[in-house]
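Descriptive analysis of the structure
Spelled out, the chains give:
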Amino acid sequence: ETGTAEHFVLFHNGRSWEVHMYPVNAADGAVSCVTVAATDITEALQKEDERRLLETAVNNAAECILITDTEGRIEYVNPAFEEQTGYTRAEVMGRTPALLKSGKQEDAFYKELWQTITRGEVWRGRFVNRRKDGELFHENATISPIMREDGQIDHFVAVKRNVTQEHLLELQLQQAQKIEALGTLAGGIAHDLNNILAIILGRSELVLDMLDENHPARESLDTIIRTAARSSKLIKHLLTFTRQSSSESGPLNIASLIKEQI
């Protein structure tokens, strides 16, 4: 009735339609009829919803996500990438991920990576990279080629997760395993030394009983017995540390030990 075009979206029977209505004017200027053009946009809206959902998921993902062209130039990074690397999106656009190189990995490592993804295969591995502030971090990565319908590679997408804390825990576990192995070795040696000292103590005490009170060798034997006894106590401490013997508590005369050492 107004003679102006109308545009709206109509939902009917589970479908979405984009409707354009155009008035057709007669010779006297009156609207004689209306032309209606309706386009089914159901699939287009679904794809748009999926795109928005995917974009929301990527932007809120805890993992770093970056997309590059076939030359490795960065076209997209998500907020997690900015947080983890310290670089803003504007700083990395058009550059390659090589700006994160730490120098801790050989050129052959990156060559093998590039050969894998340019063959159209998925690459998985661990990077040692460097943040903008110079701090090193470890990350597990999966890099996949994105193919066009004709089978040609169009882009590469990398999904990376920071595993620095896991790496530190792995190092601590390895160190603990080394200490445990060392403790087992020390425990075995301590047992053997204890057996040897037992013989030294026993024989020395037997010889001491055979000597007269004023025999000149008694002083040397006393020294041997004291030293062997002190060594035996130290070995017991070592066995306690290696968890191969129960601990015993008691008073320790530190002054006498220092005097003997002097």
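Presented here is an overview of the structure given in this document.

Cut-offs and rules
Residues numbered from 1 in each chain as written. Predicted model: local features only at pLDDT ≥ 70, side-chain atom pairs only at ≥ 80, totals over all residues. Heavy atoms only, no water. Helix = DSSP H or I, 4+ residues; strand = E, 2+ residues; numbered from the N terminus. Polar contact = N/O pair within 3.5 Å; in protein donor to acceptor, adjacent residues only side chain to side chain. Contact = heavy atoms within 4.5 Å. Pairing = 2+ DSSP bridges. Axes fitted to C-alpha atoms, helices over the stretch in contact; angles between N-to-C directions. Phe/Tyr/Trp six-rings, centres within 6.5 Å; stacked < 30°, edge-to-face > 60°. Lys NZ or Arg CZ within 6 Å of the ring centre and 35° of its normal. Buried < 20%, exposed > 50% of the residue type's maximum accessible area, 1.4 Å probe, protein only.

**Section: the side chain of Gln105**
- One can find Gln105 in the loop between α3 (89-92) and α4 (107-118).
- Polar contacts involving the side chain of Gln105 include one to the side chain of Tyr110, which spans 3.4 Å.
- In this structure the side chain of Gln105 is engaged in a polar contact, spanning 2.9 Å, whose partner is the backbone oxygen of Arg126.
- What Gln105 contacts, discounting residues up to four positions off in sequence, is Tyr110, Arg126, Phe127 and Val128.

**A look at the sheet that holds strand β3 (residues 31-40)**
- If you trace the 3 strands from one edge of the open sheet to the other, you get β1-β2-β3, paired in antiparallel fashion. Two strands lie at the open edges of the sheet, namely β1 (6-12) and β3, each paired on one side alone. Geometrically, the sheet is characterised by an average inter-axis angle of 30 degrees between neighbouring strands, direction not taken into account.
- Pairing between strand β2 (residues 15-25) and β3: 9 bridges, direction antiparallel. The partner of Tyr22 across the bridge, within β3, is Thr35.

**Focus: the packing of aromatic side chains**
- This structure, assessed with the given rule, holds 6 aromatic pairs.
- Between Phe109 and Trp123, the aromatic rings sit 5.7 Å apart at their centres with planes inclined by 85 degrees, giving edge-to-face as the arrangement. Taken together, the positions of Phe109 in helix α4 and Trp123 in strand β6 (residues 123-130) put the pair 14 residues apart, joining distant regions of the chain.
- By way of ring pairs, the aromatic residues Phe109, Tyr110, Trp123 and Phe127 are connected into one cluster.
- The ring of Tyr110 has Lys101 sitting right over it, with the charged end atom 4.3 Å from the ring centre.

**Describing the environment of His7**
- With respect to the element layout, His7 can be found in strand β1.
- Sequence-wise, His7 and Met21 are 14 residues apart; in three dimensions their C-alpha atoms are separated by 6.4 Å.
- Among all residues touching His7, those that are not within four sequence positions of it are Glu18, Val19 and His20.

**Considerations on the sheet that holds strand β7 (residues 136-147)**
- Strand order across the open sheet formed by 5 strands is β5-β4-β8-β7-β6, with antiparallel pairing between neighbours. Where the open sheet ends on each side, the last strands, each with one partner, are β5 (74-77) and β6. Averaged over all pairs of adjacent strands, the angle between their axes in this sheet comes to 30 degrees, without regard to strand direction.
- In this structure, β6 lies alongside β7, joined through 8 bridges in antiparallel fashion.

**Considering the pairing of strand β4 (residues 64-68)**
- Counting buried positions over the 5 residues of β4 gives 4, a clear majority of the element.
- Bridge analysis of β4 against strand β8 (residues 153-162) gives 5 bridges, and the strand direction is antiparallel. Bridge pairing in β8 links Leu66 to Ala158.
- Of the strand pairs in this sheet, β4 and β5 are connected by 3 bridges, and their pairing is antiparallel. By the bridge assignment, Leu66 is partnered in β5 with Val77.
- Counting the residues between successive antiparallel strands, the hairpin from β4 to β5 contains 5 residues, one of them, Gly72, with a positive phi of roughly 90 degrees.

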